[in-house]
Amino acid sequence: MNLKKFMQAALLTLSCGLLNIAGAEQRVIHVPTDYAQQKAEASLTMTGPKLLFSDSPETVYDNGILYRDKVQGEVRLFLHHVNGVSGTTKKLAVLVKNKDSLRPVAYSITRRGEAGYSYDYLAAGKKAQKKYLLDDKQKPLESKLGFGRSAELLTGRGIAMPSDKLYTETIDMYFAKPVEFSVLMCEEKSDLELFNEAAPILPMDEHPLRGTFEGSDWNYKLKKAISKPSEALYMELASPSLPEGYAKGVDATTGLPAENYGNYGVLYNVDFTIKGKEPVTFIFNPIGGWFAGYGVLENKTKGERKLIGLPQNQISVGDPEDEALDLGLLHAGEYRFTWSPPGASNLPVQVIWIRPGELESSKRISK
């Protein structure tokens, strides 16, 4: 994905309930590349919605269908597109159509997070994740789709896209029966239903980032509780070096195999237990470079949940690549860390558990 280096200030963390984390302020720290670490052992289950990933062509120069598939049941859409036509406003739309069922198809939008459109790709990816993760119990929007009828899911009429701006959004949905699902880019005044019937399917660009993937919730559970770690314990996420690698599926427009490089749209849940009287420092480490996103840290024992900016008080972190985020101290209890790769950020990332003060001498607050 394209990456633009924008650093802004004053994006503060919003929280949903208080969390048992000692220490007042998130710190940007330095994790040396040769720092001694032990890999955490964890089980993995892949559950959740079918993922439709629309990001190629990322920068769109022609009118057409960006992605299309027929879906039913739980569906998650991750889309990430830029209007590449200089000086011309285009329309981006997500159209669902009931082509097969003579009876109305009931559907609902259960959760979503959008960033509008922006020249700042890192900030847009972060803003979309903030909205998506802020409340996992958003009020569903329910409707029905009659035979032969279509509905546009972004605004009801599509998004007007100025040139060179990015639009990114994640949407969770449910369809009781099969519907045709299309992501479109067209002229601003085009009739969406007519365009949808006649438009060509655009080929991917040099970055093959589109497809349909099963099981977009990846649930990790550490096999052992964490207590007074003698050295740093870590997990790597969204990495091609892991046995599970990236999600594999099919490009429904061609029937060819597809791979979700970066696992964009995949929701990661990492469950772990802290034991003992001594707290443990929890670190988020974007080892791929520039990164801007959000996560949720939940104390399952106390039923407390907190939305955390990654990073908290600036847009991005990760320059140089050994910058990491000290998220605070965790006391004994059952925890879950939820996170998803943000559009435009670099991957992979690590989560690290260490003794308090282990990296105190090497802390380095970003300017």
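Cut-offs used in this document
Residues numbered from 1 in each chain as written. Predicted model: local features only at pLDDT ≥ 70, side-chain atom pairs only at ≥ 80, totals over all residues. Heavy atoms only, no water. Helix = DSSP H or I, 4+ residues; strand = E, 2+ residues; numbered from the N terminus. Contact = heavy atoms within 4.5 Å. Expected span 1.5 Å × (residues − 1). Buried < 20%, exposed > 50% of the residue type's maximum accessible area, 1.4 Å probe, protein only. 1 Å grid on protein atoms, 1.4 Å probe; cavity = no way out; pocket = protein on both sides within 12 Å on 5 of 7 lines; lining within 4 Å. Points joined across faces, edges and corners; volume = space filled by probe spheres on them. Nonpolar A, V, L, I, M, F, W, Y, C, P; charged D, E, K, R; others polar. Core = buried A, V, L, I, M, F, W, Y, C linked by side-chain atoms within 4.5 Å. pLDDT = per-residue confidence, 0-100. Pairing = 2+ DSSP bridges. Salt bridge = Lys/Arg side-chain N within 4 Å of Asp/Glu carboxyl O.

Caption draft 1: Here's a closer look at the environment of serine 108. Positionally, serine 108 belongs in strand S9 (residues 105–118). Separated by 68 residues in the primary sequence, serine 108 and alanine 176 place their C-alpha atoms 9.0 Å from one another. Setting aside chain neighbours within four positions, we find serine 108 in contact with Leu141, Glu142, Asp172, Met173 and Tyr174.

Caption draft 2: Inspection of helix H1 (residues 121–134) at higher detail. Its 14 residues place the ends of H1 20 Å apart at the C-alpha level, agreeing with the 20 Å of an ideal helix rising 1.5 Å per residue. Burial runs high along H1: 11 of the 14 residues are buried. Among the residues of H1, Tyr121, Leu122, Ala123, Ala124, Gly125, Lys126, Ala128, Gln129, Lys130, Tyr132 and Leu133 are the ones counted as buried.

Caption draft 3: Focus on empty space enclosed by the protein. Counted according to the given criterion, the structure contains 1 cavity of 30 Å³ or more. Estimates place the volume of the largest cavity at around 90 Å³. What lines the largest cavity is a set of 14 residues, among which Phe78, Gln129, Tyr132, Thr170 and Ser340 lie closest to the centre. At the level of elements, strand S7 (64–83), H1 and strand S13 (166–187) are the ones that each hand at least two residues to the lining of the largest cavity. Taken together, the residues that form the lining of the largest cavity break down as 6 nonpolar, 7 polar and 1 charged.

Caption draft 4: Region of the structure containing unusual backbone geometry. With an omega of 5°, the peptide bond running from serine 56 to proline 57 counts as cis. In this structure, proline 57 sits in the loop between strand S5 (50–54) and strand S6 (59–60). With omega at 5°, the peptide bond leading from leucine 310 into proline 311 counts as cis. Mapped onto the fold, proline 311 is located in the loop between strand S22 (304–310) and strand S23 (323–330). Located in the positive-phi region is aspartate 164, a residue other than glycine, with phi close to 70°.

Caption draft 5: Layout of the nonpolar core. Counting 42 residues, the largest nonpolar core has Phe272, Phe284, Phe337, Trp339 and Trp353 as the members making the most contacts within it. A total of 4 residues in this core trace back to one element, the largest contributor, which is strand S19 (residues 267–274). Discounting chain neighbours no more than four positions away, the residues touching phenylalanine 272 are Leu222, Ile226, Phe282, Leu297, Leu330, Gly333, Glu334, Tyr335, Phe337 and Trp353. Of all hydrophobic cores here, the second largest spans 29 residues; its members include Tyr67, Val75, Leu79 and Ile159.

Caption draft 6: Structural detail: the confidence of the model for the chain. Looking at the chain, pLDDT values average 89 and 90% of them are 70 or higher. The low-confidence segment residues 1–24 (pLDDT under 50) makes 84 contacts with residues lying over four places distant or belonging to another chain.

Caption draft 7: How the structure looks around the pairing of strand S18 (residues 256–259). Where strand S17 (residues 248–251) meets S18, 4 bridges bridge the pair, whose relative direction is antiparallel. Residue pairing in the sheet places lysine 248 in a bridge with glutamate 259 of S18. Here S17 hands over to S18 after 4 residues, with glycine 255 in that stretch at a positive phi of 80°.

Caption draft 8: Focus on the pattern of salt bridges. What the rule picks out here adds up to 16 salt bridges. A salt bridge links glutamate 197 to lysine 97, with the shortest nitrogen-to-oxygen separation between them at 2.6 Å. Placement of glutamate 197 in helix H2 (residues 192–198) and of lysine 97 in strand S8 (residues 90–97) is noted, with a sequence separation of 100 residues between them. A salt bridge links aspartate 271 to arginine 336; the shortest N-O distance between them is 2.7 Å. Placement of aspartate 271 in strand S19 and of arginine 336 in strand S24 (residues 333–339) is noted, with a sequence separation of 65 residues between them. A single salt-bridge network, built from bridges that share partners, covers Arg68, Lys99 and Glu180.

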